[in-house]
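# What the coordinates show
The residues making up each chain are set out below.
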Amino acid sequence: MKYVIIGASAAGVNAAKTLRELDNSSEITVISKDTNVYSRCMLHHVIGGRRNLEKISFVDKDFFSKYRVTWIKNKSIIDINIDKRELVLEDNSAEKYDKLLIASGASSFIPPVKNLREAKRVYSLRDYDDVLNIEEGIKVSKKAVILGAGLVGIDAAIGLMERDISLSIVEMGDRILPLQLDKKAANRYQKLLKDKNIEIYTSVKLEEVILKEGGFVDKVKLSDGTEIECDMIVVAAGVRPNVGFIKNESIKIERGIVVDNTCSTSAKDVYAAGDVTFTAPIWPIAVKQGIVAAYNMTGHKKYLEDTFALRNSMNFLGLECVSLGIVEAPDNSYVVDIIETEDVYKKIIHKDGIVYGAILVGDISYCGVLQYIVKNKIDISNINKNIFKIDYSDFFSIKEDGQFKYKAL
Ligand SMILES: Cc1cc2nc3c(=O)[nH]c(=O)nc-3n(C[C@H](O)[C@H](O)[C@H](O)COP(=O)(O)OP(=O)(O)OC[C@H]3O[C@@H](n4cnc5c(N)ncnc54)[C@H](O)[C@@H]3O)c2cc1C
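Let us look at the structure shown here. None of these values were measured; they are calculated from a predicted model.

## Structural notes on the overall build of the protein
For the protein, the count of helices and strands is eight helices and 25 strands. For the protein, the C-alpha radius of gyration of 24 Å lies close to 22 Å, the compact-globule estimate for 409 residues. For the C-alpha atoms alone, the extent of the protein along its principal axes is close to 70 × 65 × 40 Å. Look at the contacts in the protein between residues 6 or more apart in sequence, and 57% of them connect residues 24 or more apart. Of the roughly 20000 Å² of accessible surface on the protein, a fraction of 47% belongs to carbon and sulfur atoms.

Below, the structure is given as structure tokens:
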């Protein structure tokens, strides 16, 4: 049996490790464009100068030899022949497989804004190579614009801020981190960023990049007419799955590669895991899917049960925050409880005993139990207690024989 994995990141590496743990004798090959294994979530620390490539690796140096995995690195897959069970690499060599896992992740999306794709010194932040390119930009830049104020955009801002680049962030939502935070929570971060002299423009779109001689970035023009001078732009406007090598509809693709809860695709013996499936483009889900795929590739039935992706933790500029589920009540039928002090902001959105969302800023001590309640839609209507004080003990009762019983199950 020969297992082949496309991608050497969260999903691919965890799948390779699990395959070896479950199957001691088969051949395992990982093929990746990446030449190193590293955490993309930490790339901004490399920009900021706090870490180097080695310090963002999430495997030991001897990982591939220890798990007896052949790693073909720095090579792109350009085609798959499902009938022949064969991959075509960029040098036109072929790699046979018996079972295939596609864990090729996603790439940054550069929106079709006038001059944005053509301009020089426009960067994305997805791969280590992007960091090297940004580094070249930093050498000749004093001012940067960050397009998009999601987690990646704010990561980029923090990294560049640490390199003394003067920054403007442009976000089309009415606040930064619009998927993770409500207005009040976002305002707390916006204040911290503004205190660091970072300009924030919300509810505006990038309309055009104005170029100077040589095709270099000179200014950006926003939809409200504002013009911001800059030497470089970092685009953090979302991602698209890496599926370009799948041709002739040989594998079903919608937003990403379509998988069931065993990570099987529409093609026989082909599995997919991680951002390429677009189940939820976050690290923990990619890891879980990689592991689930490996189990099923080796004939052990395992199902992906937890795709709860609406959880985010962040700690920008020393302010801790966790957000879970929805961040705004959809309508007036929901109850919204809030605690607000100078240092802390907490909000819980619930209806008929079910908590649909929560935001904790400044004090995240309560996030474990809250995540459990939100993720599992636990009914808390029988717990007569302040909603901010519910803890695990509230879900246990003592049976007549003295044993503890878990009430929520
Ligand atoms: C700046 C940044 C910050 C982030 N912060 C967080 C965070 O705080 N929390 C969180 O949960 N998530 C975060 N993420 C998202 C997280 O990094 C991804 O969800 C995760 O990396 C997905 O892992 P993956 O294995 O599916 O794909 P990827 O990490 O995208 O890896 C894809 C792999 O496939 C390879 N590949 C792609 N195409 C080909 C091809 N044609 N041929 C061969 N190989 C190919 C690549 O070289 C790579 O090895 C962040 C991402 C970025 C960029």
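Anyway, onward from the coordinates.
## Brief notes about the site of the ligand
Taken together, the neighbourhood of the ligand is formed by 32 residues, with Ser9, Asp34, Ile77, Arg126 and Asp275 sitting nearest. Here Ala10 contributes a backbone N or O atom positioned 3.2 Å from an oxygen atom of the ligand. Between the ligand and Pro281, the relevant distance is 3.4 Å, taken from an oxygen atom to a main-chain nitrogen or oxygen of the residue. For the shell around the ligand, the secondary-structure elements that each account for two or more residues are α1 (10–22), α5 (151–161) and α7 (283–297). When residues of the shell around the ligand are assigned to their parent elements, the largest contribution, three residues, is made by α7. Across the shell around the ligand, the residue classes tally to 17 nonpolar, eight polar and seven charged.

## Some points on the layout of surface pockets
Empty space among the atoms becomes apparent when a probe as large as a water molecule is rolled across them. Each pocket or cavity is described by its volume, and for the second largest pocket that value is around 270 Å³. The wall of the second largest pocket is formed by 13 residues, among which Asn36, Val37, Ser57, Val59 and Lys61 lie closest to the centre.

## Observations concerning the pattern of salt bridges
Tallying each qualifying case throughout the model produces 24 salt bridges. A salt bridge links Lys191 to Asp195; its shortest N-O distance comes to 3.1 Å. Here Asp195 and Lys191 lie together in helix α6 (residues 183–195), a separation of four residues that amounts to about one turn. Accessibility assignment for this pair places Lys191 and Asp195 in one class, exposed. Here Lys219 ties to Glu227 by a salt bridge, and the two come within 3.6 Å at their closest N and O atoms. Under the relative-accessibility criterion, Lys219 is labelled partly exposed at 24%.

## Digging into the nonpolar core
Counting residues in hydrophobic clusters, the biggest one holds 43 residues, and the most contacted among them are Ile134, Ile154, Leu160, Leu167, Ile176 and Leu181. No other element matches α5, which puts six residues into this core. Core analysis: the next-biggest nonpolar cluster, separate from the first, contains 29 residues, Ile28, Val59, Leu101 and Met297 among them.

## Re the packing of aromatic side chains
Taken as a whole and judged by the stated rule, the model has seven aromatic pairs. The interplanar angle of 20° and the centroid separation of 4.4 Å between the aromatic rings of Phe64 and Trp71 together place this pair among those described as stacked. Through a chain of ring-to-ring contacts, three or more aromatic side chains come together here, namely Phe63, Phe64, Tyr67 and Trp71. The ring of Trp71 has Lys73 lying over it, and the distance from NZ or CZ to the ring centre is 4.8 Å. The side chain of Lys120 reaches across the aromatic face of Phe216, ending 5.2 Å from its centre.

## What to know about unusual backbone geometry
Positive phi, normally seen in glycine, also occurs at Asn92, with a value near 70°. Mapping Asn92 onto the fold places it in the loop between β5 (86–89) and β6 (94–96). Classification of Asn92 as exposed rests on a relative accessible area of 60%. For Leu177, which is not glycine, the phi torsion reads 45° and is therefore positive. Relative to the elements of secondary structure, Leu177 occurs in the loop between β11 (166–171) and α6.

Conventions adopted
Residues numbered from 1 in each chain as written. Predicted model: local features only at pLDDT ≥ 70, side-chain atom pairs only at ≥ 80, totals over all residues. Heavy atoms only, no water. Helix = DSSP H or I, 4+ residues; strand = E, 2+ residues; numbered from the N terminus. Rg over C-alpha atoms; globule rule 2.2 N^0.38 Å. Contact = heavy atoms within 4.5 Å. Areas by Shrake-Rupley, 256 points an atom, 1.4 Å probe, with all protein chains shown as cover. Near = heavy atom within 4 Å. Polar contact = N/O pair within 3.5 Å; in protein donor to acceptor, adjacent residues only side chain to side chain. Nonpolar A, V, L, I, M, F, W, Y, C, P; charged D, E, K, R; others polar. 1 Å grid on protein atoms, 1.4 Å probe; cavity = no way out; pocket = protein on both sides within 12 Å on 5 of 7 lines; lining within 4 Å. Points joined across faces, edges and corners; volume = space filled by probe spheres on them. Salt bridge = Lys/Arg side-chain N within 4 Å of Asp/Glu carboxyl O. Buried < 20%, exposed > 50% of the residue type's maximum accessible area, 1.4 Å probe, protein only. Core = buried A, V, L, I, M, F, W, Y, C linked by side-chain atoms within 4.5 Å. Phe/Tyr/Trp six-rings, centres within 6.5 Å; stacked < 30°, edge-to-face > 60°. Lys NZ or Arg CZ within 6 Å of the ring centre and 35° of its normal.

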